[in-house]
Amino acid sequence: MLASGLALVLAIAAPSAQAQTPGEHIGFVDMKRLVDNAPQMEDSRRKLEAEFSARDATLKADETRLGERRATYARDGATLPKDKADAMKREIDALERSIKRNRDNLRNELKTRSDQELDQSWREINNVVVEFARDAGFDLIVQSPVIYASPRIDITDQVLERLKRQHQPGTAGQ
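Now for a look at the structure at hand. Since this is a predicted model, take the numbers as computed values, not measurements.

Quick notes on the rules
Numbers given to residues run from 1 along each chain, matching the order in which its sequence is written. Totals for whole chains, interfaces and linings use every residue, but because this is a predicted model, local features are given only for residues with pLDDT of at least 70 and side-chain atom pairs only at 80 or more, for both listing and counting. Derived side-chain values reflect all non-hydrogen atoms in the structure, with water molecules and hydrogen atoms excluded from consideration. Orientation is described by lines fitted to C-alpha atoms, with helices fitted over the stretch in contact, and by angles between N-to-C directions that extend from 0 to 180 degrees. Only DSSP runs of H or I reaching four residues or more are called helices, and only runs of E reaching two or more are called strands; each is numbered from the N terminus. Angles are sorted into four bins: roughly parallel if under 35 degrees, roughly antiparallel if over 145, roughly perpendicular if 65 to 115, and oblique for all others. All residues other than Ala, Val, Leu, Ile, Met, Phe, Trp, Tyr, Cys, Pro, Asp, Glu, Lys and Arg, Gly among them, are scored as polar; the first ten of these are nonpolar and the last four charged. Ring pairs shown here join Phe, Tyr and Trp side chains whose ring centres sit within 6.5 Å, with only the six-membered ring taken for Trp; geometry is labelled stacked below 30 degrees between planes, edge-to-face above 60, and tilted in between. Residue exposure (1.4 Å probe, protein chains only): buried if accessible area is under 20% of the type maximum, exposed if over 50%, otherwise partly exposed. The contact rule is simple, with two residues in contact once any of their heavy atoms fall within 4.5 Å. Salt bridges are defined by distance alone: a side-chain nitrogen of Lys or Arg within 4 Å of a carboxyl oxygen of Asp or Glu. As used here, the term nonpolar core means buried Ala, Val, Leu, Ile, Met, Phe, Trp, Tyr and Cys residues forming a set that is joined through side-chain atoms within 4.5 Å. For this quantity, the arc is that covered by the directions from the helix axis to the C-beta atoms.

**Describing the packing of helix H4 (residues 39–76) against helix H5 (residues 82–136)**
- Viewed as axis vectors pointing N to C, H4 and H5 meet at an angle of 170°, and their least axial separation amounts to 10 Å. Between H4 and H5, the angle falls in the class roughly antiparallel.
- Residue composition of the contact of H4 with H5, grouped by class: 15 nonpolar, 7 polar and 17 charged.

Written out as structure tokens, the structure reads:
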């Protein structure tokens, strides 16, 4: 973000920087599209899904069990002896608290792991952008968001192809 903002400020401040002179080679890369479509990110998403699927399934099973307990209590609570109805209500309340705590923990851990995976993939994607820019002789690469970038300077597809060529399945986040 800072680099694209700096490039914009320089373009506005320096009249000679507004028009590309012969020898200048400027490109644009849509980082959101790279992050959304890079195979490294797809691997990260699959890795996180596998890592958290068992806990998610357990949470869903607990939610189903809670729904069943609530239905039983709603149906039978009025006819049960008071001590049994109170015990069932305490069980429902405890299960609700447990589910909420587990859901919050799962959400926080997933967020932390997602951030770790994104950080790892982001570094790799940035490195490939820089490598591509150097190899192709670019003087400046501006990343999204920008107000306007001509499709003729958009290098996103070429960088994405390089990411795909360099990608080794199963290595995301390692």
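Anyway, onward from the coordinates.
**Digging into the packing of aromatic side chains**
- A complete count under the given rule lists 1 aromatic pair for this structure.
- Seen in terms of ring centroids, phenylalanine 132 and phenylalanine 138 are 6.2 Å apart; in terms of plane orientation they differ by 35°. Their pairing is tilted.
- A relative accessible area of 12% means that phenylalanine 132 is categorised as buried.
- Under the relative-accessibility criterion, phenylalanine 138 is labelled buried at 16%.

**Quick notes on the side chain of arginine 113**
- With respect to the helices, strands and loops of the structure, arginine 113 is situated in helix H5.
- Classification of arginine 113 by relative accessible area gives buried; the value is 17%.
- When near neighbours in sequence (up to four residues on either side) are disregarded, arginine 113 contacts Lys47, Leu48, Glu51 and Phe52.

**Looking at the pattern of salt bridges**
- Counted under the stated rule, the structure contains 22 salt bridges.
- Between arginine 55 and glutamate 109 there is a salt bridge whose closest N-O contact spans 2.5 Å. In this pair, arginine 55 is assigned in helix H4 and glutamate 109 in helix H5, connecting sequence segments 54 residues apart.
- Arginine 55 gets classed as partly exposed once you look at its relative accessible area, which sits at 35%.
- A salt bridge links aspartate 76 to arginine 75, with the shortest nitrogen-to-oxygen separation between them at 3.1 Å.
- Shared partners join several salt bridges into a network, and the residues in it are Lys47, Glu51, Arg113 and Glu117.

**Considering the nonpolar core**
- In terms of nonpolar packing, the biggest core is built from 16 residues, with Leu34, Ile125, Val159 and Leu163 touching the most fellow members.
- Counting only elements with at least two residues in this core, the list comes to helix H3 (31–37), H5 and helix H6 (156–166).
- Broken down by element, the residue count for this core peaks at 5 residues, all from H5.
- In this structure, leucine 163 is in contact with Leu34, Ala38, Pro39, Gln40, Glu124, Ile125 and Val128, ignoring residues within four places of it in sequence.
- Core analysis: the second largest hydrophobic core is formed by 9 residues, Phe52, Leu59, Leu66 and Leu106 among them.

**Side note on H6**
- Turning to H6, its buried residues are Thr156, Val159, Leu160, Arg162 and Leu163. Each buried residue of H6 lies within a common arc of 160° when the element is viewed along its axis, so the set occupies one face.
- Where H6 is buried, its residues contact strand S1 (26–29), H3, H4 and H5.

Fair warning: the whole summary comes from geometry, so function is off the table for now.
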